[in-house]
Amino acid sequence: MKASTVISGRFDTKNSQSIETYRKDGGYETWSTVLDEKRDPDSLIDEVKASGLRGRGGAGFSTGMKWSFVPKQTDKPKYLCVNGDESEPGTFKDRQILEFDPHQLLEGVALTCYAVQAHTAYIYLRCEFKLGIATVKAAIKEAYEAGMFGKDIHGSGFDLDVSVTIGAGAYICGEETSLLNSIEGVRPYPRNKPPFPAVEGLFGCPTVINNVETIANIPHIIKNGAEWHTKLGCPEDPGSRLWGISGHVAKPRWVELETGYKLQDLIDGPCGGIRKGHTLKAIIPGGSSSKVLLPDQVARVTMDTPGIRAEGSSLGSAAIIVLDDSVCMVDAVLNLMKFYAHESCGQCTPCREGTPWVVQVLQRIHSGKGRTVDMDLLLDIAHNMEGRTVCALADGACWPLTSIVKKFRHEFEAKIVAAPSATSSKVASA
Amino acid sequence: MIKLSIDGREVEVEPGTTVLEAAATLGIDIPHYCYHPDIGVDGNCRICLVEVNGNTDKLAIGCKFPCGEGMEVETESEAVVKARKGVMEFLLINHPLDCTICDQAGECPLQDYSYHYGTGDSRFAEKKRNKPKHVEFSEKVMFDAERCILCTRCTRFFEEVRDCRPIGVENMGGKSTITTGPNGPIQDPYQMNIIDICPVGALTSRDFRFKQRVWFMDFADTVCPGCSKGCNITAGSYQGKLLRFVPRRNTEVNASWMCDDGRLSYDKYNMPERVRGASVSGDPASFDAARAKITELVGDGQGVAVLASTSQTSEELFAVREWARTARVRDLWHGERTWESDDFLKQADATPNTAGAQALGYASVPSQAPELRGLIVVGDVDVPPALLANLDFLIQQAPQAGELGEAAVVLLPGRNALEKNGHWTNGDGAVQEVRAARDPGPDVPEDWTIWRDLAGVSWTSIAEITKAMGAVSTADAEAVTAS
Amino acid sequence: MFPDELVAELEEIRSCFPVAKAAMVPVLRRVQEDRGWIDPEARDWVAEFLSVTKMEVHEVATFYPMLYTEPVGKHVIHVCRTLSCDVCGARELWAHLEKKLKVERGGTTEDGRFTLKSAECLASCGTAPVMLIDNERHENLSLAEVDKLLEATK
Ligand SMILES: Cc1cc2nc3c(=O)[nH]c(=O)nc-3n(C[C@H](O)[C@H](O)[C@H](O)COP(=O)(O)O)c2cc1C
Ligand code: SF4
Ligand code: SF4
Ligand code: SF4
Ligand code: FES
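Quick caveat, the model's predicted, so the values are computed rather than measured. (Residues numbered from 1 in each chain as written. Chains lettered and ligands numbered in written order. Predicted model: local features only at pLDDT ≥ 70, side-chain atom pairs only at ≥ 80, totals over all residues. Heavy atoms only, no water.)

A. Representation of the interface of chain A and chain C within the structure. Listed by partner, the interface residues are 52 residues for chain A and 40 residues for chain C. For the pair chain A and chain C, the summed buried area comes to about 3500 Å², and 61% of that belongs to carbon and sulfur atoms. Inspection of the chain A/chain C interface yields 3 salt bridges. Between E136 of chain C and K130 of chain A there is a salt bridge; the shortest N-O distance is 2.9 Å. If you list the elements that add at least two residues to the side of chain A that touches chain C, you get β2 (120-125), β3 (161-166), α8 (176-184), β5 (240-247), β10 (319-324) and α14 (329-343) of chain A. Ranked by residue count, the leading element in the side of chain A that touches chain C is α14 of chain A, at 8 residues. Among the residues forming the side of chain A that touches chain C, the class breakdown is 27 nonpolar, 14 polar and 11 charged. (Contact = heavy atoms within 4.5 Å. Buried area = accessible area lost by both parts, 1.4 Å probe. Salt bridge = Lys/Arg side-chain N within 4 Å of Asp/Glu carboxyl O. Helix = DSSP H or I, 4+ residues; strand = E, 2+ residues; numbered from the N terminus. Nonpolar A, V, L, I, M, F, W, Y, C, P; charged D, E, K, R; others polar.)

B. A look at helix α9 (residues 212-224) of chain A. Residues and elements named next belong to chain A. Among the 13 residues that make up α9, 11 are buried, leaving the element largely enclosed by the rest of the structure. Every buried residue belonging to α9 is among V212, E213, T214, I215, A216, N217, I218, P219, H220, I221 and I222, and all of these are buried. For α9, the capping residue at the N-terminal end is N211, with a side-chain oxygen 2.8 Å from the backbone nitrogen of E213. Positioned one or two residues after α9, G225 has a phi angle of 90°, which is positive. (Buried < 20%, exposed > 50% of the residue type's maximum accessible area, 1.4 Å probe, protein only. Polar contact = N/O pair within 3.5 Å; in protein donor to acceptor, adjacent residues only side chain to side chain.)

C. How the structure looks around the site of ligand 1. Residue and element names in this part refer to chain A. Around ligand 1 there are 18 residues in total, and G57, K66, N210, N211 and T214 lie nearest to it. Contact distances for ligand 1 include 2.6 Å between an oxygen atom and a backbone N or O atom of G57. Alone, ligand 1 offers 600 Å² of accessible surface; in the complex the protein occludes 90% of this. Looking at which element gives the most residues to the shell around ligand 1, the answer is strand β4 (residues 207-211), with 3 residues. The class makeup of the residues in the shell around ligand 1 is 4 nonpolar, 8 polar and 6 charged. (Near = heavy atom within 4 Å. Areas by Shrake-Rupley, 256 points an atom, 1.4 Å probe, with all protein chains shown as cover.)

D. Looking closely at the domain arrangement of chain B. Residues and elements named next belong to chain B. The domain architecture assigned to chain B consists of domain 1 (2-91), domain 2 (128-269) and domain 3 (278-482). Between domain 2 and domain 3, the C-alpha centre-to-centre distance is 35 Å. In this assembly, 29 residues from domain 2 lie in contact with 26 residues from domain 3. Roughly 2300 Å² of surface becomes buried between domain 2 and domain 3 when both sides are summed, with 58% attributable to carbon and sulfur atoms. Per-residue buried area on domain 2 facing domain 3 is highest for S228, K229 and Y269; these three make up 25% of the total on that side. Taken together, the links from domain 2 to domain 3 amount to 2 salt bridges. With a shortest N-O distance of 3.5 Å, D428 and K229 are connected by a salt bridge. Viewed at the interface, domain 3 and domain 2 are joined by 15 residue pairs in polar contact (both at pLDDT 80 or more). If you list the elements that add at least two residues to the side of domain 2 that touches domain 3, you get β11 (218-223), β12 (232-238) and β13 (241-247). Per-element tally for the side of domain 2 that touches domain 3: the top contributor is β11, with 4 residues. For the side of domain 2 that touches domain 3, a count of residues per class yields 16 nonpolar, 9 polar and 4 charged. (Domains from an automatic or database assignment.)

E. Quick peek at the interface of chain B and chain C. Taken together, the contacts link 13 residues of chain B with 10 residues of chain C. Of the roughly 940 Å² buried at the junction of chain B and chain C (both faces included), carbon and sulfur atoms supply 60%. For chain B, the biggest contributors to the area lost against chain C are R165, M172 and P182 of chain B; these three give 60% of the whole. R165 of chain B is the partner of E59 of chain C in a salt bridge, and the nearest nitrogen-oxygen pair spans 2.6 Å. Inspection of the chain B/chain C interface yields 4 residue pairs in polar contact (both at pLDDT 80 or more). Residue contributions to the side of chain B that touches chain C peak at 3 residues, all from strand β8 (residues 168-170) of chain B. Looking at the side of chain B that touches chain C residue by residue, the classes come out as 5 nonpolar, 6 polar and 2 charged.

F. Broad picture of the nonpolar core. By size, the foremost hydrophobic cluster in this structure holds 262 residues, and its most contacted members are W31, V109, I123, M337 and F412 of chain A together with Y64 of chain C. Broken down by element, this core gets its largest block of residues, 10 residues, from α14 of chain A. Grouped together as the second largest cluster of nonpolar side chains are 37 residues, L297, V304, A324 and I376 of chain B included. (Core = buried A, V, L, I, M, F, W, Y, C linked by side-chain atoms within 4.5 Å.)

G. Representation of the sheet that holds β11 of chain B in the model. All names here are of chain B. Within the open sheet, the 3 strands sit side by side as β11-β12-β13. Their pairing is antiparallel. Edge positions in the sheet fall to β11 and β13, since each of these pairs with one other strand and no more. Across the sheet, the mean angle from the axis of one strand to that of its neighbour is 30°, orientation sign disregarded. In this sheet, β13 lies alongside β12 in antiparallel orientation, the contact comprising 6 bridges. Pairing of T234 across the sheet is with V246, part of β13. (Pairing = 2+ DSSP bridges. Axes fitted to C-alpha atoms, helices over the stretch in contact; angles between N-to-C directions.)

H. Representation of the packing of helix α6 (residues 102-116) of chain A against α9 of chain A. Residue and element names in this part refer to chain A. Between α6 and α9, the least distance of the axes is 7 Å, while the angle of their chain directions is 75°. As judged from the angle between their axes, α6 and α9 are roughly perpendicular. When α6 is examined against α9, the residues Q104, L105, E107, G108, V109, L111 and T112 are found in contact with a partner set consisting of V212, I215, A216, I218, P219, H220 and I222. Here the residues of the contact of α6 with α9 sort into 9 nonpolar, 4 polar and 1 charged. (Parallel < 35°, antiparallel > 145°, perpendicular 65-115°, else oblique.)

I. Looking closely at helix α15 (residues 349-366) of chain A. Residue and element names in this part refer to chain A. Spanning 18 residues, α15 covers 26 Å between terminal C-alpha atoms, matching the ideal 26 Å at 1.5 Å per step. Within α15, 15 of the 18 residues are buried, which leaves the element mostly enclosed by the surrounding structure. G368 lies just past α15 and shows a positive phi near 85°. (Expected span 1.5 Å × (residues − 1).)

J. Representation of the pattern of salt bridges within the structure. The full count for this structure, using the stated rule, is 77 salt bridges over all chains. A salt bridge links E176 of chain A to K66 of chain A, with the nearest nitrogen and oxygen atoms 3.8 Å apart. Pair noted here: E176 of chain A is in helix α8 and K66 of chain A is in helix α4 (residues 63-68), with a separation of 110 residues, a long-range link. Judged by relative accessible area, E176 of chain A falls into the partly exposed class, the value being 22%. The exposure class assigned to K66 of chain A is partly exposed, which follows from its relative accessible area of 21%. Between E107 of chain B and R244 of chain B there is a salt bridge, and its shortest N-O distance comes to 2.7 Å. With E107 of chain B in the loop between α2 (78-93) and α3 (109-117) and R244 of chain B in strand β13, this pair connects stretches of sequence that are 137 residues apart. A residue is classified by how much of its surface remains accessible, and E107 of chain B, at 34% relative accessible area, is partly exposed. Overlapping salt bridges bring together D98, K133, D144, E146 and R147 of chain B as one network.

K. How the structure looks around the sheet that holds strand β18 (residues 363-364) of chain B. Residues and elements named next belong to chain B. Spatially, β15-β14-β21-β20-β19-β16-β17-β18 is the arrangement adopted by the 8 strands of the open sheet, whose pairing is mixed. The strands lining the two open edges of the sheet, one partner per strand, are β15 (283-285) and β18. Two elements, strand β14 (residues 278-280) and β15, share 3 bridges in a ladder whose sense is antiparallel. Bridging across to β15, S279 finds its partner in P284. Packing against the sheet, helix α11 (residues 447-455) makes contact with β19 (374-378), β20 (393-397) and β21 (410-412), and its axis sits at approximately 135° to β20.

Now the structure itself:
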């Protein structure tokens with residue numbers, strides 16, 4: 001396990017959010033150099049591609065690759081949207097960057113815009129981030145005043161406008177195309193793809209959407225080079241990430257670690273183990289939309305894309321939710337499914353109808369009216385949602401659901417056997 | 001061109017063609033709710049899922065997915081059928097399934113598909129969601145939120161076809177509902193189209209509500225007589241009584257739409273009061289006697305004119321013209337009737353066949369009408385009072401006699417616009433077939449037979465006139481009127 | 001309808017976007033801060049301000065949980081109910097608040113002082129349980145601290 005300070009290095013510094021602090025550490029030098037040397041924008045894309053950086057928002061797509069899909073020849077303006085909706089249950093990492101070190105994000109914004117030749121960037125923040133919004137806005141002001149943003153920056157001829165816009169409490173707006181519609185001021189329904197945002201995004205123009213933490217990595221990669229980055233952590237999924245650990249550990253916290261560490265080490269070390277008097281029951285390792293891991297899996301899994309895939313789960317937003325033996329898994333999955341049912345935008349049929357149905361079934365089981373057919377019913381409802389919807393919210397609901405039903409079947413059965421109304425009739429598959 | 005295969009069959013399509021469109025060219029019908037060819041794609045209902053290149057983890061929506069070179073599409077694979085059944089089930093679990101009292105029953109794809117794919121809501125052991133059931137969207141349209149499947153065809157109709165936002169979607173997730181929200185009742189004069197495009201019975205016509213179950217009704221594909229647009233319609237009736245008009249798709253004329261005024265005009269064609277049989281000087285007479293009287297009155301045809309309605313079919317007008325030729329009546333005029341037009345379908349000319357009449361040589365009534373001895377009024381037409389001033393005689397052949405009836409020496413029955421067969425030519429020159437949607441009852445022969453018999457021609461069917469008409473050019477027609 | 005300074009602020013928000021409509025959510029939030037909720041009058045004003053129909057504003061305003069299209073109390077409390085909080089004290093917090101304020105989730109106290117709303121994950125999972133009072137974050141809450149906070153929120 002390798003602790004790291006790439007992103008969080010300044011978090012504990014006094015006035016960490018100010019431009020002076022940032023510049024004392026060489027902040028904005030990379031941006032200035034890129035402009036002064038008139039670097040070929042494509043060379044930045046290549047650098048990021050070669051770095052192996054994967055998006056930190058959840059899907060883990062290669063960032064450089066995503067940028068390379070933006071058309072070079074186009075009459076349309078291009079946009080960068082930074083995704084700071086941070087609403088995936090368990091996730092609280094982007095908030096640290098926004099509140100404690102916004103300038104590395106802003107320098108990342110500048111470099112990203114330059115790489116894809118976008119002249120406008122919107123930083124989309126959930127409105128509940130009152131402090132984060134204020135901090136980023138103040139930082140933007142400082143960056144303009146320092147001549148890092150604006151017209152003809154450093155006499156390079158490159159213009160860049162950056163502003164903050166906000167959401168209003170809807171998880172779905174973190175989905176990248178929903179975010180675009182949210183910014184456009186229409187109902188934030190996710191869009192069907194294709195077309196992809198890189199080609200047809202905000203206002204119908206080519207758009208890059210990246211997570212806050214992803215963009216915060218960019219100045220470091222451009223400054224230190226792709227090779228430096230490939231050497232951090234797991235070679236197939238390199239980098240340093242902010243991990244958020246919540247739930248039943250002695251010390252819930254965020255921590256910056258290079259990829260490729262052992263989850264068990266994190267729990268036992270920096271998190272102080274499971275809370276006193278309890279034992280580990282399950283971990284949801286990548287935000288609520290990832291598949292649950294059992295203690296034996298936790299004991300062996302390494303936290304990087306290949307490692308977590310080997311256990312059938314995903315790193316998602318690096319949000320690790322730890323549940324101990326006090327938790328009833330029916331209860332836990334019901335809690336999560338209420339989340340998805342509440343957050344379904346309601347646009348497409350399987351998710352709009354399926355997520356509340358799942359809640360109803362779980363509630364029934366929970367209240368002692370479960371039937372033995374209900375577990376298979378839940379799995380089949382999930383089967384009918386997964387991969388059949390406009391966006392991945394429904395998939396994200398299915399993964400914890402199916403994995404918990406499968407891995408904790410006995411807990412469901414215990415509730416059902418105790419229930420007087422249980423029947424054994426088989427449920428036909430729809 | 002792009003080559004791909006659908007269900008193992010090769011097809012070639014233009015770039016940009018969707019899978020659903022490509023499948024249609026092969027006669028493969030991919031089910032769809034939210035997609036409507038005249039509104040466009042949204043991709044929310046997910047019933048049109050297809051399998052592309054064997055990917056069963058993630059299915060593509062046929063209505064939006066673009067065809068690609070070499071693509072292999074399956075529309076009935078195991079995964080597709082399962083997904084479709086799944087979507088059906090999702091749509092039905094919170095659906096009231098009150099088909100027995102639903103106006104859409106018999107015309108409801110939800111009912112159809114659930115019949116095909118089964119399952120319905122049988123695995124659903126929970127309480128259905130309650131939503132408002134009797135919402136007045138306007139004096140014309142009722143809304144039932146429980147039946148609504150949120151396909152947004154209705155809101156997109158206004159947005160994309162009418163460029164207005166009288167209704168929208170409020171709330172989020174399962175609580176989403178179509179609403180008039182901050183607006184009052186819907187005002188748009190084309191609003192009733194949302195009733196037709198609603199794939200379920202969520203939007204119903206307050207006019208038609210509970211009138212009749214569709215499977216008891218008779219239908220005729222015909223043309224709206226309301227104006228020179230000639231929107232294609234299906235006229236529905238029960239036991240000879242017209243109960244509704246709905247638009248019939250014709251991309252060249254009206255797409256899938258019609259105006260509410262045209263739609264709600266059906267009842268006036270039911271005509272309980274009407275001319276039956278012939279009469280001479282107010283007394284019932286045989287057709288022979290009426291014909292004899294006409295021949296006598298018209299004489300050498302000098303000073304006699306015909307004023308025909310432009311709701312008559314071209315075949316009927318042709319028959320009248322044939323008689324006029326034999327009777328040496330030179331002046332063939334057509335009536336005019338206007339209403340307020342709009343920027344969409346509604347035309348100022350409130351009759352369906354002015355162009356047809358003009359092609360047959362019927363002219364507008366001259367502003368300085370010649371001195372007339374006699375006038376022959378054909379069909380439902382407004383007669384300029386000046387024409388009536390110094391007449392010796394008036395002959396009328398029409399479904400309803402109106403105010404003129406008393407003055408007519410000879411009165412003959414006629415069929416109204418929904419009782420006719422033949423053709424109308426709309427304002428854009430489209431020749432469209434008109435089919436009788438109701439029977440007028442006894443003693444109302446088809447108009448053309450009356451004039452055939454007067455002219456002494458031997459046509460035995462309207463098709464024969466259609467054919468004969470094709471052989472006579474407009475030039476001939478001018479020759480006739482000039483002779 | 002609004003003081004000049006607020007209108008100027010809203011105009012500045014609007015100017016960040018190539019089309020006025022894109023200012024919808026930030027403008028609605030700002031208006032809500034001023035008026036407590038988005039009443040019909042405010043909604044119609046925003047429609048005009050952004051050159052859109054009232055329906056377009058209504059569709060958006062009714063979508064977002066953090067935009068209120070119904071009146072709320074003087075102060076709005078959001079308590080996170082999602083998993084990490086749920087297993088780390090949110091249940092006790094909920095029970096405490098419901099009892100103390102004598103309201104159910106979504107309700108407003110009789111004196112109109114507080115509206116108690118449920119929130120989904122507030123991105124403070126490591127410092128659970130968490131609640132917002134008028135969008136101000138309070139973390140690692142003990143019941144005693146909650147009482148103090150309520151006391152201080154007049
Ligand atoms: C339902 C849903 C919610 C999401 N929420 C977020 C979020 O809050 N923040 C985020 O960065 N990405 C979120 N994503 C992922 C985004 O769609 C997108 O992949 C990401 O912002 C891309 O940035 P990245 O490549 O830098 O990770 C969400 C995805 C889905 C399907
Ligand atoms: S999957 Fe759910 S959240 Fe995504 S578009 Fe469909 S209804 Fe909306
Ligand atoms: S009312 Fe009908 S057309 Fe409109 S969204 Fe509902 S189901 Fe679709
Ligand atoms: S536009 Fe004219 S033809 Fe079309 S429905 Fe209306 S009246 Fe009838
Ligand atoms: S018809 Fe394709 S998703 Fe509705």
